[in-house]
Amino acid sequence: MIAMKTVYLPEGSLLGRTENLEACATLEGLRRAQEARQILEGTAVSCDPERNLNVRLGPFWGVIPRDEAALGVAEGSTREIAILSRVGKPVSFLVTGFEEGSDSVVRPILSRCQAQEMALEHIFSAFRPGQIISAAVTHLEPFGAFVDVGCGVPSMIGIENISVSRLPHPNCRFRVGQSICAVVTGLDAGKKRVTLSHKELLGTWEENAALFTSGMTVPGYIRSIKDYGFFVELLPNLSGLAEPRPGYAEGERVSVYIKSILPNQMKIKLLLIDHLEPLESPEPLTYFHTKGVLQRWRYAPEGCQRPAAETVFG
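To start, this report covers the structure provided alongside it. Nothing here was measured: the structure is a model prediction, and the numbers come from that model.

1. Remarks on helix H2 (residues 27–36)
Then, in step 1: Here H2 has its buried residues at Gly-29, Leu-30 and Ala-33. Across the axial projection of H2, the buried residues extend over an arc of 95°, all falling on one side.
Then, in step 2: The inward-facing, buried residues of H2 abut helix H1 (18–25), strand E1 (40–47), strand E2 (53–57), strand E3 (60–64), strand E4 (90–100) and strand E5 (106–111).
Then, in step 3: After H2 finishes, the residue Arg-37 shows a positive phi value of roughly 50°.

Take a look at the structure:
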């Protein structure tokens, strides 16, 4: 048998792939997957009163026992909401065995924990600080965005690390289910924890400002209102200052005229033009880095003395 290269992707990535569909289509395919320790995906259709997940995989109904449904559940360090919240969603798993019921129907026994352990082993052996990875947004809280870094292994991006532009809530930038890039800032194998950031991938002040010129009129968002002016976000990592005008509010989408761009001062001077209709979902992200390993990121242009964000990946 030719060994398959295991890829550890956020849950839902494998569900419709040919190799997953073929493995789940027959009992023989599932037995081969068990022997090869191939990570598969199915949909968690329900959770029984004992907190076992019932999973649809091809023509079969599999079960993930409660203690195998999420890392930390058996030890009590993970709350049972981690199981309940998977109902109706894809789940990653390894096939660990089979049981035959009184009706002679064979039921695959599955482990999500073992798939997550494999993903974590890969993360701690292959990743290092500065590594750019793919992730999927799983849910949003006022303090940050929770993401899946592979097989349901969770991590969080604090709201202060989502972008340079300050946000009232992560839903201004992300939506649940969105595929994003993130950069590893720390690895703690003992606590099985991966810490992430995001703002470093959205470019420096200079990279963002290069997309604009004086005299342009562009859309933006009022992120902060001060006595001396309105800070308007042009891009997630770029804001300018507009003179105050009555009738405008924080969070509002507006059009602005760019009066001047001053790299040495890291300033963009704006003029408010008009109110704009809000968008139904956050605008698509523009990444300046999507792969590789970052060593250092400094937001300010070279020679600019103003304090600015800087990250050194050790």
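2. Considerations on the sheet that holds strand E9 (residues 179–188)
Then, in step 1: Read across the sheet, five strands follow the order E8-E7-E6-E9-E10 without closing on themselves; strand pairing throughout is antiparallel. Both edges of this open sheet fall to strand E8 (154–158) and strand E10 (193–197), since each of them pairs with a single strand only. Sheet twist, expressed as the average angle between the axes of neighbouring strands with direction ignored, equals 55°.
Then, in step 2: Across five bridges, the pairing between E9 and E10 is antiparallel. When the bridges of E10 are listed, Gly-186 appears paired with Thr-195.

3. Details of the pairing of E3
Then, in step 1: In terms of burial, E3 is largely enclosed, as four of its five residues are buried.
Then, in step 2: Hairpin connection from E2 to E3: two residues lie between these consecutive antiparallel strands, with Gly-58 at a positive phi of about 55°.

4. A word on the layout of surface pockets
Then, in step 1: Within this model, the largest pocket holds a volume of roughly 1400 Å³.
Then, in step 2: Taken together, 43 residues line the largest pocket, and the ones lying closest to its centre are Thr-78, Ala-82, Gly-152, Val-153 and Pro-154.
Then, in step 3: Elements supplying a minimum of two residues to the lining of the largest pocket: helix H3 (81–84), helix H4 (112–126), strand E6 (132–141), strand E7 (144–148), E8 and E10.
Then, in step 4: Here the lining of the largest pocket takes six residues from H4, the largest share from any one element.
Then, in step 5: Lining the second largest pocket are 32 residues, and of these Val-164, Arg-166, Phe-231, Ser-239 and Arg-306 sit closest to its centre.
Then, in step 6: Contributions of two or more residues to the lining of the second largest pocket are made by strand E11 (217–226), strand E13 (238–242) and strand E15 (267–275).
Then, in step 7: The dominant element in the lining of the second largest pocket, judged by the number of residues it contributes, is E13, at five residues.
Then, in step 8: In terms of residue class, the lining of the second largest pocket is built from 16 nonpolar, six polar and ten charged.

5. Overview of the pattern of salt bridges
Then, in step 1: Taken as a whole and judged by the stated rule, the model has twelve salt bridges.
Then, in step 2: For Glu-80, the salt bridge is made with Arg-66, and the minimal N-O distance between the two is 2.7 Å. Of this pair, Glu-80 sits in the loop between E3 and H3 while Arg-66 sits in the loop between E3 and H3, placing them 14 residues apart in sequence.
Then, in step 3: Between Arg-173 and Glu-233 there is a salt bridge, with its nearest N and O atoms 3.0 Å apart. Of the two residues, Arg-173 is situated in the loop between E8 and E9 and Glu-233 in strand E12 (residues 229–235); the sequence distance between them amounts to 60 residues.
Then, in step 4: Of the residues examined, Glu-233 reaches a relative accessible area of 4% and is grouped as buried.
Then, in step 5: Residues joined in a network through salt bridges with shared partners are Arg-51, Arg-66, Asp-67 and Glu-80.

Conventions used here
- Residues numbered from 1 in each chain as written.
- Predicted model: local features only at pLDDT ≥ 70, side-chain atom pairs only at ≥ 80, totals over all residues.
- Heavy atoms only, no water.
- Buried < 20%, exposed > 50% of the residue type's maximum accessible area, 1.4 Å probe, protein only.
- Helix = DSSP H or I, 4+ residues; strand = E, 2+ residues; numbered from the N terminus.
- Arc of directions from axis to C-beta.
- Contact = heavy atoms within 4.5 Å.
- Pairing = 2+ DSSP bridges.
- Axes fitted to C-alpha atoms, helices over the stretch in contact; angles between N-to-C directions.
- 1 Å grid on protein atoms, 1.4 Å probe; cavity = no way out; pocket = protein on both sides within 12 Å on 5 of 7 lines; lining within 4 Å.
- Points joined across faces, edges and corners; volume = space filled by probe spheres on them.
- Nonpolar A, V, L, I, M, F, W, Y, C, P; charged D, E, K, R; others polar.
- Salt bridge = Lys/Arg side-chain N within 4 Å of Asp/Glu carboxyl O.

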